[in-house]
Amino acid sequence: MLAGLRAGLGAGCAVHGQRGQRLAHSRTTEKLQREYDAVVIGAGHNGLVAAAYLQQAGLRTAVLEKRHVLGGAAVTEEIVPGTPRALHPPAHYLPCARLTTPCSPGFKFSRASYLLSLLRPQIYAELELQRHGLKVLPRDPYSFTPLLEDRSPPRSLLMGHNMAQTQQQIAQFSQKDAQAYPKYEVFMGCLVSAINPLLDAPPADTTALGQGSLLQSLRALWPLLQAGLALGRRLPHFYEVLTAPISKILDHWFESEPLKATLATDAVIGAMSSPHTPGSGYVLLHHVMGELEGQRGAWGYVAGGMGALSQAIACAAATHGAHIFTEQAVCRVLLGTDGQAQGVVMQDGTEVRSKVVLSNASPQLTFLELTPQVWGHHSTWHRVTPQLGHPITAVPSPSQEQLPEDFVRRIQQLDTRSPVTKINVAVDRLPSFLAAPNTHDNQPLPHHCCSIHLNCEGTHLLHQAYTEAAQGHPSSRPMIELCIPSVLDPGLAPPGCHVVSLFTQYTPYELAGGQPWDEKARNAYADTVFDCIEAYAPGFKASVIGRDILTPPDLERIFGLPGGNIFHGGMSLDQLYFTRPAPSYSTYQSPVPGLYLCGSGAHPGGGVMGAAGRNAAQVVLRDFRRLRWQR
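Keep in mind it's a predicted model, so treat the numbers as computed, not measured.

S.K.: I'm lost on helix H5 (residues 214-231) in this one. Help?
M.R.: Residues lying three or four places apart along an α-helix face the same way, a consequence of the helix completing one turn every 3.6 residues. Here H5 contains 18 residues, and its C-alpha end-to-end distance of 24 Å stays within 8% of the 26 Å for a straight helix at 1.5 Å per residue. Helix geometry: H5 is bent most strongly at Trp222, by close to 60°, with proline Pro223 lying one to four residues after it. Within the span of H5, buried status applies to Ser217, Ala220, Ala227 and Leu231. In the core, the buried residues of H5 are packed alongside helix H4 (175-195) and helix H6 (235-243). Directly after H5, the chain includes Gly232, whose backbone phi takes a positive value near 55°.

S.K.: How do you make sense of the pairing of strand S18 (residues 420-427) when you look at a structure like this?
M.R.: Regular strands show a simple pattern: their side chains alternate between the two faces of the sheet. Among the 8 residues that make up S18, 8 are buried, leaving the element largely enclosed by the rest of the structure. Side chains Val420, Lys422, Asn424 and Ala426 project from S18 onto one buried face, and the interleaved Thr421, Ile423, Val425 and Val427 project onto a second face that is buried too. Two strands pair when backbone bridges link them, and S18 and strand S21 (residues 498-505) are joined in this way by 8 bridges, in the antiparallel orientation. Directly across from Val425, in S21, lies its bridge partner Val500. When S18 meets strand S22 (residues 544-550), the two strands line up antiparallel, connected through 6 bridges. Across the sheet, Ala426 pairs through a bridge with Gly546, a residue of S22.

S.K.: What's the story with unusual backbone geometry in this structure? I'm lost.
M.R.: The phi torsion of most residues other than glycine is negative, and most of the peptide bonds are trans. With an omega of -5°, the peptide bond running from Ser152 to Pro153 counts as cis. Examined against the element boundaries, Pro153 turns out to sit in the loop between strand S7 (143-146) and strand S8 (156-159). Here the residue pair His603 and Pro604 is connected by a cis peptide bond, since its omega of 5° sits within 30 degrees of zero. With respect to the helices and strands, the residue Pro604 is situated in the loop between strand S23 (595-597) and helix H16 (611-630). The phi dihedral of Asn442 is positive, around 60°, even though this residue is not glycine. By relative accessible area, Asn442 is classed as partly exposed at 29%. At His568, a position not held by glycine, the phi torsion is positive, near 65°. Tracing the chain through its elements places His568 in the loop between helix H15 (552-559) and S23.

Conventions adopted
- All chains use their own residue numbering, which begins from 1 and follows the written sequence.
- With the structure being a predicted model, the display of local features is reserved for residues of pLDDT at least 70 and the display and counting of side-chain atom pairs for 80 or more, all residues being used for whole-chain, interface and lining totals.
- Side-chain figures throughout are based on the complete set of non-hydrogen atoms in the structure, without hydrogens or water.
- Segments assigned H or I by DSSP are reported as helices when at least four residues long, segments assigned E as strands when at least two residues long, and all are numbered from the N terminus.
- Take the number of residues in a helix, subtract one, and multiply by 1.5 Å to get its expected span.
- Each residue is assigned a bend, namely the angle between axes fitted to the seven residues that terminate at it and the seven residues that start at it.
- Only protein chains enter the accessibility calculation, which uses a 1.4 Å probe. A residue is then buried if its area is under 20% of the maximum for its type, exposed if over 50%, and partly exposed in between.
- Whether two residues touch is decided by their heavy atoms; if any such pair falls within 4.5 Å, the residues are in contact.
- In this analysis, strands are considered paired if DSSP registers two or more bridges between them.

Next comes the structure, spelled out in structure tokens:
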């Protein structure tokens, strides 16, 4: 079995395991109570953010997580043990369970999400995350694209926050592109600034349109009007970025393929789409919306891994009195006779009552699995399971309450296709790239801090990789984003060793011919990835100590990501803003009164952003105030 890392929260932060025992350095040992004001299903970062705001506002809040570790996909886990002491690690892969020699501290991975940028600045400040232990390690330079080409040494593209140096790098491939790049950055920055406020509030409430006065309708649309006014004459260009293939946008600005392919990775990452897919431009915008320490578009590592972020948020919530439990699986939302959510039912049958329930789970899991549903009195309902994609017919009990048939159908039909296979690798040395060889002392070089883009010589390679996966075959030359967080955070690995994150695509959820993603298939794909890395950095395969391969079905099984989709559903225009997760239900409320969605399946979507949790908490608090006023 792979061991999980339970990172401590620090004194005074109470987070509990099964039956209420302490998981961390807690001063209290509260047990799960039978009643709260609010219950949050799932301790992903959005659920923890929502809990922190609710508890901060005075609502007695509990968070219930089924896994042994907090954070959802933002976790740190020790999944490869340390290297045997006094022995040089062998070149072949070591099955973790077979190591019997005394080992040094193990390799700690950000097992799913691995970089931070999108977390909303308000959350940093309002939850005082730095005071609760969050430390972010910025990267500069931040992007490195080595090439495979018939010249010695091969060229590479190194990009950072120093514009002059970045232009000098781009000029290797095109002087024209070097001159255009600053203008492109300004253009993208203007678009981001205009739409940024839309992330921090619920989508415009379309139910108010046509039902009230003109002033009320304008008030409902005001956030969108503000964004349009901010864009001004750039509005048509923004529309083009939203709707066009990113390849078209980049072709307008640039001519050099390595630059276009490097930029295009942010448009397709996590998406089962090609650079030639219409609408792929929004995903690029989504990934340049963040900032670190005031630097727009900057990405960094979290000291201690992504789990340290989740721990800081949990600590903020617990400091105000929230109760956070792991190994507490919810099996059903509890509904009253009036159809209102009244709490949850645990896997052992225990009922936990609450005035509201917030689900950090995906829309599919929330509404197709956890929420009782029925239409008609004697009909059956059909559910498409994310695991199999096949309809299952079930007969509902007469006591079950109603979800609208159209709503259920829309949730069933959400596009959750994922191209992602995440591979976490323990190595005994830094990779040495042909385009930028290591020094004799094997110390980290600037490019080792970067996101290292492989198989990105041109956008045609990304499209080719997508085409193979669309036909049910793992890419033979996959897009690879390689990161080495231990370069900036040495405590993640034993001395002299490193942890390597490989975010790869494209891999289909279902393989052609109905072949299973068994160990043979997973290892075959991982071997393909490693062969690709070896071509850029000879000796990489010999440095590998252990690896953890997470295909789309693995990401779904372990982290609850539907179809393995890191965003809880595609970020295409038909699944954003007004329609996320479904038309008329984009404001975090659901057809079930008292049940709210607070995860990445709600506006504004995926990424370690926290906006969905914060916005959902604001809606819940607003509804609470209205209820009290009415009383």
